[in-house]
Amino acid sequence: MNWWSTNRLRLIQNNLRETDADMDVDLLIRELKSFQANALMMNAGGIFAFYPSNLTHQYITPHLTKDLLGEAVAKIHDNGMKFIARFDFSKAHESIWQQHPEWFYRNRQGREVNYYGIVHTCLNGAYQQEKSLESIEEVLTRYPVDGIFFNMFGYQHWDYSGNFYGPCYCSNCQARFHDITGEHLLAYTGPEHPLHEAYRAFQEHTSRDILERIHELVKPGRPEIAICTYHHHCVDIVRKESNTSLTRSGPLWLYSASENVSSIQDSWNDKLISNCSINAIDLTYRFTGVSEEENAIRLYQSMGSGSGLDFCIIGAFAGYPDQSNFDKVKEIFRFHAEHEELYGQLGSMAEVVLIKPAAPEAAAEYYGMFKMLKEEHILFDVVMEEQLSAMVSKLTCVHAILLPGIQRLSVDAAGALKRAADVGTALIATGTALEQETELLAEWFGVSLDGRKQAEPAAYLDVSNPVHFPSFANGRSWIVAGMNFTRAIFDPETAEQRMPYVEPSTFGPPERAYGHRIGEDYGMAVNKRVDNDGRSRSGVYIPWNPGELYHRYGYEDYKLVMADVLRDIKPNRAVVTNGPSSLELFVHRLKEGGCLIQLLNLTGFNGTTYLKPTPLYDIRVDLAIDRRDITASEAAEGSCSQHWHLPAQAVVRGKLLRAESNADVVTLQDRVIVTLPRLDLYEAIWLQAEPAGERKELHSHEAKA
């Protein structure tokens with residue numbers, strides 16, 4: 001077992017400036033201890049070296065008066081913590097550029113990007129291909145670091161001010177692009193160009209190649225060193241960030257940490273996810289932090305989704321001008337430290353799998369679906385599209401799989417979904433998903449598309465059928481169709497058509513706002529059938545984009561449609577709550593027995609600002625249970641059920657971990673009901689089964705891994 005395998009990381013990143021090279025390491029250690037951090041990430045090399053390097057291509061910060069890296073590694077280890085060395089090879093000092101301009105980025109006009117004396121390098125140049133490996137080797141040879149991290153890994157097309165320069169057209173990139181694709185890179189002009197898919201594949205191929213070479217350099221002789229970056233290939237710890245930017249378009253993404261963690265945690269069994277809460281509000285304003293409430297939500301979402309904690313500031317703590325967040329971050333880090341045995345062993349109880357599309361064009365549809373499921377308190381896992389075949393056992397355990405806007409599938413991914421459909425898992429496709437997969441559309445959904453799109457506004461979808469759409473019993477008959485409705489042809493023998501399409505009509509002036517008629521198209525088809533092999537299969541196809549519309553505009557209509565679809569597939573959920581949509585609910589089985597419920601109060605978020613949440617009262621969580629004894633191996637691996645398995649005569653006791661008091665728990669034959677009198681921001685309820693008649697206090701140390 002590796003040191004990161006226990007999933008108990010409490011990481012602090014001090015992102016050093018070159019002037020921090022003489023920092024007081026002893027003071028830093030005391031500050032880390034006040035957080036109860038167990039790992040430090042700090043600069044080693046790349047743009048600047050914070051140690052006396054012997055490499056001519058490694059620029060040493062002129063402020064270095066000691067071996068800062070060596071001192072920090074030694075003292076971190078003396079205090080029982082881990083050290084992750086940070087590298088950034090995406091740029092180098094301009095003195096290196098002057099010596100070796102062939103190592104650096106060139107735009108289409110052949111110009112470098114020199115940002116105040118720091119010049120962009122190229123992933124395909126010798127600096128990243130060869131010299132970066134020499135820098136890594138020098139650090140690993142000299143210092144017993146526990147991990148290495150690469151910042152801004154891959155292709156960088158922007159500078160720190162947000163100026164866009166486009167792809168690198170240096171001679172190295174041109175030659176390698178031609179070798180890999182057979183095409184000429186200079187012909188490529190951007191996302192709208194026919195070579196765009198080839199360029200994206202080229203980026204992915206070359207990124208994976210350098211990660212494989214780093215892995216080959218590090219792992220054979222040093223398997224205990226964790227490799228970490230933002231890419232998932234050949235790494236042990238995948239880094240994500242919850243951050244803000246003053247130039248980022250809305251809407252603000254409330255579930256940043258939850259989504260970042262889930263998409264990795266649920267897609268790989270052999271990788272750790274560490275989601276960093278970036279304190280700064282923007283790269284240009286690194287010395288002012290986001291609100292205390294936003295930082296807290298990010299950290300609690302990371303814990304709730306199954307990860308450890310990760311927090312970053314610029315420079316050292318001493319002298320940092322905005323320390324308003326520190327006390328709250330310390331409180332959460334300490335709480336995690338007290339109960340780390342529980343948080344390191346969370347197992348899924350998901351009823352739904354949401355696939356994360358690889359194509360960025362489908363992101364809005366995916367985010368909208370993520371938001372819907374969270375607000376409806378439906379337990380779900382996120383599986384990245386490229387990991388479908390690896391996670392097929394997970395796909396066959398849930399009631400439904402959502403495919404938001406995925407246009408095409410690899411052979412392996414299609415095979416994984418087919419296996420899930422064969423065992424009765426319903427497939428739900430939205431956002432004109434599988435538009436380029438004619439055979440799969442016909443087989444799974446009884447659908448064909450001819451490419452006709454709705455080009456005019458003022459179209460609606462009829463949801464007046466109370467059997468199919470009971471959520472609209474309030475009198476609303478039509479919902480807005482949006483502008484991306486695709487006209488689909490549904491097989492009348494297999495597909496039940498729902499949600500008639502209301503054709504556009506005039507909408508102004510008011511005197512002319514009439515004339516709508518029910519057309520021949522439909523906004524949904526449900527394909528339920530029994531094949532010749534006796535297997536029941538079901539698929540739901542929605543040829544428009546409810547997820548994207550909900551993400552962008554927030555109209556509840558779209559969420560209600562999807563809730564009715566999922567309710568039609570599985571009327572009774574394994575976990576239900578009376579909490580509002582602004583309550584984020586996490587429920588996991590513990591691998592050593594028991595269950596952990598986590599509740600996060602998001603009422604303080606008003607769409608643009610994170611404020612102190614309004615307390616919620618008398619929150620009830622109702623869990624279905626299965627009175628069936630299971631083996632120890634089944635319990636450890638997580639059986640294929642959303643229910644919590646309990647011995648026949650067992651009752652459930654619970655403890656509120658934040659309040660440090662007993663929980664109000666009622667055990668019935670087929671369910672467990674937990675009631676929380678008051679929720680301020682966060683609470684965790686640890687449930688354990690015990691034989692009827694017994695009563696004992698629960699202590700987190702009893703669940704040590």
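Quick look at the structure, then. As the structure is a computational prediction, the values presented were derived from the model and not from experiment.

**Let's talk about the side chain of Lys 374**
Here Lys 374 lies in helix H11 (residues 363–375). On the basis of relative accessible area, Lys 374 is assigned to the buried category, the value being 9%. A polar side-chain atom of Lys 374 sits 2.8 Å from a polar atom in the side chain of Glu 584. With sequence-adjacent residues up to four places away left out, Lys 374 is seen in contact with Tyr 255, Ser 258, Phe 380, Leu 583, Glu 584, Leu 585 and Phe 586.

**Comments concerning the packing of helix H15 (residues 546–553) against helix H16 (residues 556–569)**
Remark: H15 packs on H16, axes separated minimally by 8 Å, with the N-to-C direction vectors making an angle of 145 degrees. For the element pair H15 and H16, the recorded crossing hand is left-handed. Within the contact between the two elements, H15 uses Pro 546, Leu 549 and Tyr 550 and H16 uses Glu 556, Tyr 558, Lys 559 and Met 562. Considered class by class, the residues forming the contact of H15 with H16 number five nonpolar, no polar and two charged.

**Digging into H11**
Here H11 spans 18 Å end to end across 13 residues, near enough to the 18 Å set by a 1.5 Å rise per residue. The positive-phi residue at the C-terminal boundary of H11 is His 377, with phi of around 60 degrees.

**Focus: the packing of aromatic side chains**
Evaluated as defined, the whole model comprises 43 aromatic pairs. Each ring, one from Phe 149 and one from Tyr 230, has its centre 5.5 Å from the other, and the planes form 80 degrees; the classification is edge-to-face. With Phe 149 in strand S7 (residues 147–150) and Tyr 230 in the loop between strand S8 (226–229) and strand S9 (237–242), the pair connects residues that are 81 residues apart, well separated along the chain. Accessibility expressed as a relative area gives 0% for Phe 149, which makes it buried. For the ring pair Phe 370 and Phe 380, a centre distance of 5.1 Å and an interplane angle of 85 degrees mean the geometry is edge-to-face.

**Section: the nonpolar core**
Within the largest apolar cluster, 146 residues are counted, with the highest numbers of intra-cluster contacts made by Phe 83 and Ile 148. If near-sequence neighbours (up to four positions away) are discounted, Ile 148 is found in contact with Ile 84, Ala 85, Phe 87, Ile 136, Leu 140, Ile 214, Val 218, Ile 225, Ala 226, Ile 227 and Cys 228. Formed by 32 residues, the second largest nonpolar core is a distinct cluster that contains Leu 388, Ala 429, Phe 445 and Phe 490.

**A look at unusual backbone geometry**
Keep in mind that most residues, glycine aside, have a negative phi and that most peptide bonds are trans. Of note, the amide linkage connecting Gly 250 to Pro 251 takes the cis form, showing an omega dihedral of 0 degrees. When you line up the elements, Pro 251 lands in the loop between S9 and helix H7 (256–265). Phi is positive for Ala 458, close to 75 degrees, though the residue is something other than glycine.

Thresholds, definitions, all that
Residues numbered from 1 in each chain as written. Predicted model: local features only at pLDDT ≥ 70, side-chain atom pairs only at ≥ 80, totals over all residues. Heavy atoms only, no water. Helix = DSSP H or I, 4+ residues; strand = E, 2+ residues; numbered from the N terminus. Buried < 20%, exposed > 50% of the residue type's maximum accessible area, 1.4 Å probe, protein only. Polar contact = N/O pair within 3.5 Å; in protein donor to acceptor, adjacent residues only side chain to side chain. Contact = heavy atoms within 4.5 Å. Axes fitted to C-alpha atoms, helices over the stretch in contact; angles between N-to-C directions. Left-handed = near helix turned anticlockwise from the far one by under 90°. Nonpolar A, V, L, I, M, F, W, Y, C, P; charged D, E, K, R; others polar. Expected span 1.5 Å × (residues − 1). Phe/Tyr/Trp six-rings, centres within 6.5 Å; stacked < 30°, edge-to-face > 60°. Core = buried A, V, L, I, M, F, W, Y, C linked by side-chain atoms within 4.5 Å.

Remember, this is a structural readout, not a statement about activity or role.
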